[in-house]
Amino acid sequence: MGSTLILTVRTCQKPLKSLFHQGSSALFTLKTPLCKSSQRPLSARFLCTRDNNPHPGGRQTDGRIGGQNDGQGRVRNGTIRCREEEQWCDNVKERDESPTFLQKPSLPKSVFAAGTAKRTAEILKKKAALVSPDEEQQEKEPTTREKMQPPDRPLSVAEWRKLRESLGNFPRFEIAMMNAMFTAETELDIVKSLLTFVATETGTLSYELLLRYLTLCVRCGHDAEVFDIYDIMRASFPSLDTGASSLFIKLFSRTARWREALTILQDIKKAITPSPRNYGCVISAAMFHGDLTTAWALYDELIEKGLSPHQDTWDSLFKAVGKTKEENGEKTEAISQSEHHERLLGLLLYMRNNQIYPQYSLVCSIKTWFESLTGQNWTGSWTSVSPKGTCRCCGAKLESTQLTDEEYQQLKDRVFTDIIQGHDVYKKTTPQELQKFMLFMKKKPAFDVVIDGLNVANVNTDKRKQSEGLLAVVSELERQGLTVLVLGRKHMLWPSVSWPRHHMDLILQKAHCFFTENISEDDPFLLYATLNSGKSCRFVTRDLMRDHKACLTDMSTRQLFFKWQRGHQLVLNGPVTPRKKVRFQHIFSYDTIVQTSGDSWHLPYDDTVDRSTHEVPQQWLCLTKKH
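Now for a description of the structure that goes with this document. Residue indices follow the written sequence of each chain, beginning from 1 at its first position. The model is predicted, so local features are restricted to residues of pLDDT at least 70 and side-chain atom pairs to those at 80 or more, both for listing and for counting; the totals for chains, interfaces and linings are taken over all residues. Water and hydrogen atoms play no part in the side-chain values, which are based on all heavy atoms of the structure.

1. With respect to the overall build of the chain
The secondary structure listing takes helices from DSSP runs of H or I that are at least 4 residues long and strands from runs of E that are at least 2 residues long, numbered from the N terminus. The number of helices and strands found in the chain is 23 helices and nine strands. Relative accessibility under 20% of the residue-type maximum defines a buried residue, over 50% an exposed one, and the middle range a partly exposed one, all with a 1.4 Å probe and only protein chains included. Across the 627 residues of the chain, 49% fall into the buried class. Element-wise, carbon and sulfur atoms account for 50% of the exposed surface of the chain, whose accessible area totals about 31100 Å². Exposure was quantified through the Shrake-Rupley algorithm and a 1.4 Å probe, taking into account, for residues, occlusion by the shown protein chains and nothing else.

2. Overview of the nonpolar core
In terms of nonpolar packing, the biggest core is built from 84 residues, with Phe248 and Phe370 touching the most fellow members. Take this core: its biggest share by element is nine residues, from helix α7 (residues 207-220). With sequence-adjacent residues up to four places away left out, phenylalanine 248 is seen in contact with Leu214, Val226, Ile229, Tyr230, Met233, Leu240 and Ile264. Buried Ala, Val, Leu, Ile, Met, Phe, Trp, Tyr and Cys residues form a nonpolar core when they are joined through side-chain atoms within 4.5 Å. Every residue pair with non-hydrogen atoms within 4.5 Å of one another is taken to be in contact.

3. Thoughts on the pairing of strand β2 (residues 449-452)
With burial as the criterion, each face of β2 is covered, one bearing Val449 and Ile451 and the other bearing Val450 and Asp452. Across four bridges, the pairing between β2 and strand β3 (residues 484-489) is parallel. Looking at β3, one finds that valine 449 is bridged to valine 484. Paired strands are those between which DSSP finds at least two bridges. Strand direction decides the pairing type here: β2 and strand β5 (residues 538-540), joined by three bridges, are parallel. Counterpart to valine 449 in the pairing with β5 is arginine 538.

4. Notes on unusual backbone geometry
Backbone geometry at glutamate 185 places phi at a positive 50°, although glycine is not the residue there. Inspection of the secondary structure puts glutamate 185 in the loop between α5 (173-184) and α6 (188-202). Of note, the phi angle at methionine 545 is positive, near 60°, even though the residue is not glycine. Within the secondary structure, methionine 545 is located in the loop between β5 and α22 (546-551). For methionine 545, a relative accessible area of 0% corresponds to the buried category.

5. Here's the deal with the sheet that holds strand β7 (residues 595-596)
Across the sheet, which stays open at both edges, the four strands sit in the order β1-β9-β8-β7 with antiparallel pairing between neighbours. With partners counted over all chains shown, the strands left at the sheet margins are β1 (378-383) and β7, one partner each. Direction of pairing for strand β8 (residues 600-605) relative to strand β9 (residues 619-625): antiparallel, over a ladder of six bridges. Bridge pairing links serine 600 to threonine 624 in β9. Throughout, an axis means a line fitted to C-alpha atoms (over the contacting stretch in the case of helices), and angles, computed between N-to-C directions, take values from 0 to 180 degrees. The strands touched by helix α15 (residues 360-372) within the sheet are β1, β8 and β9, with β1 carrying the most contacts at an inclination of about 150°.

6. Digging into the packing of helix α13 (residues 311-318) against α15
In the contact formed by α13 and α15, the axes pass within 9 Å of each other and the chain directions differ by 15°. As far as their axial angle goes, α15 and α13 are roughly parallel. Note on packing geometry: the crossing formed by α13 with α15 is left-handed. Of α15, the residues touching α13 (which contributes Gln311, Trp314, Asp315 and Phe318) are Ser361, Leu362, Ser365, Ile366 and Trp369. Nonpolar residues are Ala, Val, Leu, Ile, Met, Phe, Trp, Tyr, Cys and Pro. Charged residues are Asp, Glu, Lys and Arg, and all others, Gly as well, are polar. Grouping the constituent residues of the contact of α13 with α15 by class yields five nonpolar, three polar and one charged. Note that the term roughly parallel is reserved for angles under 35 degrees, roughly antiparallel for angles over 145, roughly perpendicular for angles of 65 to 115, and oblique for everything else. Here a crossing is taken to be left-handed if its near helix is turned anticlockwise relative to the far helix by less than a right angle, and right-handed if that turn runs clockwise.

7. Topic: the packing of aromatic side chains
Any pair of Phe, Tyr and Trp rings, taking the six-membered ring for Trp, is counted once the centres come within 6.5 Å. Such a pair is stacked with planes under 30 degrees apart, edge-to-face with planes over 60 apart, and tilted for the rest. Tallying each qualifying case throughout the model produces 26 aromatic pairs. Ring geometry for tyrosine 230 and phenylalanine 248: centres 4.9 Å apart, planes at 70°, overall edge-to-face. Here tyrosine 230, found in helix α8 (residues 223-236), pairs with phenylalanine 248, found in helix α9 (residues 242-253); they are 18 residues apart in sequence, far enough to count as distant. Taking the relative accessible area as the measure of exposure, phenylalanine 248 reaches 0% and is therefore buried. Ring centres of phenylalanine 437 and phenylalanine 525 lie 5.0 Å apart, and the angle between their planes is 85°; this geometry places the pair in the edge-to-face category. Placement of the pair is phenylalanine 437 in helix α17 (residues 431-443) and phenylalanine 525 in helix α21 (residues 523-531), with a sequence separation of 88 residues. Across the pair, phenylalanine 525 and phenylalanine 437 agree in class, each one buried. Here the aromatic cluster, defined as three or more aromatic residues joined through ring pairs, consists of Phe416, Phe437, Phe440, Phe514, Phe525 and Tyr528.

8. Focus on the sheet that holds β3
Spatially, β4-β3-β2-β5-β6 is the arrangement adopted by the five strands of the open sheet, whose pairing is parallel. With partners counted over all chains shown, the strands left at the sheet margins are β4 (512-516) and β6 (569-570), one partner each. Relative to β6, β5 is paired through two bridges, and the arrangement is parallel. The residue of β6 that forms the bridge with phenylalanine 539 is glutamine 569. The sheet strands contacting helix α19 (residues 466-479) are β2 and β3, and the helix crosses β2 at an angle near 180°.

9. Topic: the packing of α7 against α9
Packing of α7 against α9 leaves a shortest axis separation of 10 Å and a crossing angle of 20°. Considered as vectors, α7 and α9 are oriented roughly parallel to each other. Two packed elements cross with a definite hand, and for α7 against α9 that hand is left-handed. Residues Tyr207, Leu211, Leu214, Thr215 and Val218 of α7 touch α9, and the partners they reach there are Gly243, Ala244, Leu247, Phe248, Lys250 and Leu251. Tallied by class, the residues present in the contact of α7 with α9 amount to eight nonpolar, two polar and one charged.

10. Observations concerning helix α11 (residues 276-288)
The length a helix should cover is 1.5 Å for every residue beyond the first. Compared with an ideal rise of 1.5 Å per residue, which puts 13 residues at 18 Å, α11 spans 18 Å between its outermost C-alpha atoms and is within 8% of the ideal. Among the 13 residues in α11, ten count as buried, and that is most of the element. Those residues of α11 not exposed but buried are Pro276, Asn278, Tyr279, Gly280, Cys281, Val282, Ile283, Ala285, Ala286 and Met287. Along its buried surface, α11 packs onto α9, α10 (258-269), α12 (292-304), α13 and α14 (337-353). A positive phi of about 80° marks glycine 290, the residue just after α11.

11. Remarks on the pattern of salt bridges
A carboxyl oxygen of Asp or Glu within 4 Å of a side-chain nitrogen of Lys or Arg is what we treat as a salt bridge. Applying the stated rule across the entire model yields 26 salt bridges. For the salt bridge of glutamate 208 with arginine 212, the shortest nitrogen-to-oxygen distance reads 2.8 Å. One end of the pair, glutamate 208, and the other, arginine 212, are both in helix α7, four residues apart, so they sit about a helical turn from each other. Glutamate 208 sits in the buried class, given a relative accessible area of 9%. Relative accessible area serves as the criterion here: at 25%, arginine 212 is assigned to the partly exposed category.

12. Quick notes on the pairing of β3
A large share of β3 lies buried, amounting to six of its six residues. Across the two faces of β3 the burial is the same, with Val484, Val486 and Gly488 and Leu485, Leu487 and Arg489 all buried. Sheet topology places β3 next to β4; five bridges connect them, and they run parallel. Residue pairing across strands places leucine 487 opposite phenylalanine 514, the latter belonging to β4. Seen with the strands pointing away from the viewer, any crossover whose path from the first strand over the helix to the second strand runs clockwise is right-handed. A crossover links β3 with its parallel partner β4, the connecting element being helix α20 (residues 501-510), and its sense is right-handed.

Below, the structure written as structure tokens:
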């Protein structure tokens, strides 16, 4: 077969190393790589306030409010004690007749717990299948490409030609077959027979096909074959694209020729910024061969370029060093072990500052490294955190989700600038409506709870029960002695099936209300009202605010927002009916973040692939130092 290939590709003059079979050669030419109602509304006085006494025996608005001044000329309502010793704020007084939000004491359920979104999606999918089983997606008829299966033995040129004809001679047959071989991890001899067929038919191999062949070899561990391809491509092409270079870096980094990967990395830097994966491969190789100086120099370069390291890069830094530089015969001064120790602790602080959660494999390496430190007596344990925010292993109290005064002011300012006003205030409201709401807030007491009225009402899918559900939530919070603000839209004031007049009358008695225009966004008003009512104010909505968080212009404020949100957002635990107790999902009282007290470390880690970006891990590694 090698002789046939040589006879076919007559135009090739350069002698190249064997690629298909020993003795065969071909010059691969470079091609471009693919690298609602008509009835009259309620009185206009209900648009921005509640009637102080619309019905005899109704709740008085401001006469019952007692407590301390909030420093802005408004009277701050006293707050209530929280379930199981958890308090909204440490500096508020308890009320004797004020039960807290009803939350499940065991197995806390939270919209922010890892895996919740995935489980909810699966449940909804199953329900949808039960409701309309006849509408399940039919299996699509597989296309010719999907039917393609690699042969179980090497084929001759004639056999390959016959196979292509049987599949309709469709374009890019060789690319589709190579993809199928990659998926099936086909034996190398069979792959080579395909390359021989293509070279015989066309006189050359496309760059794309060669790159896919390289990918297959790297994935299947055909290191010797990759070395040959590298020599061929270096001799045939003036430069390599980033795809091929990245594959060569990955391959060389896991062999004794790892320093050649460093050379390829330098070549990539002449054109573009290498990827975190490129850096990570060489860093891992340097660590494995004991070159700590090179490894940390590359890591610093990676961070300086604003790249985010992959977790397997951190994993290699925490794992035990292989050979030392002396064993490798190198004279360069190596980084000291004490400096290496401090740098590794710095990695944990980097995870903390960037709210990064290590995966299980990485946290295992961190645990092993701590326990291997001579004379320090570190012990690692797998644990979880109680609802009160204490480690179930060592009993340490974890950091609270409460923000400092400085952090709170920063968040409040940035939310107003970036989310409420934004680049164009007309996208969410109007300047007149915003000013009206701000004036409304100045005239009212600070609220304990702010409710997104439409969001809460829509928990019940039956439109006839929407106002009923909202009324149930407002009634429960009002029964607890809380000052409540309901944000809604003006159409809710028009009597309809969804919003009967007597339900709205009761809501207006029990809570303060502000109704925006029907085209306005209510979330910015929700955030403004909550943040301007003090640290202990909470808000009720199922909206996870991801779009609004993304509007924040800097990472530190987005992190503060997420921390504040987890400690202040109340989410209803299922549909609401008048005969069913109103229950809210568990609220985190502790911050899920890497934290240390000097003699202990607590690391939340990912033990599931189902965690969404707005969720936090539930499992922890507790590291304690015994004296």
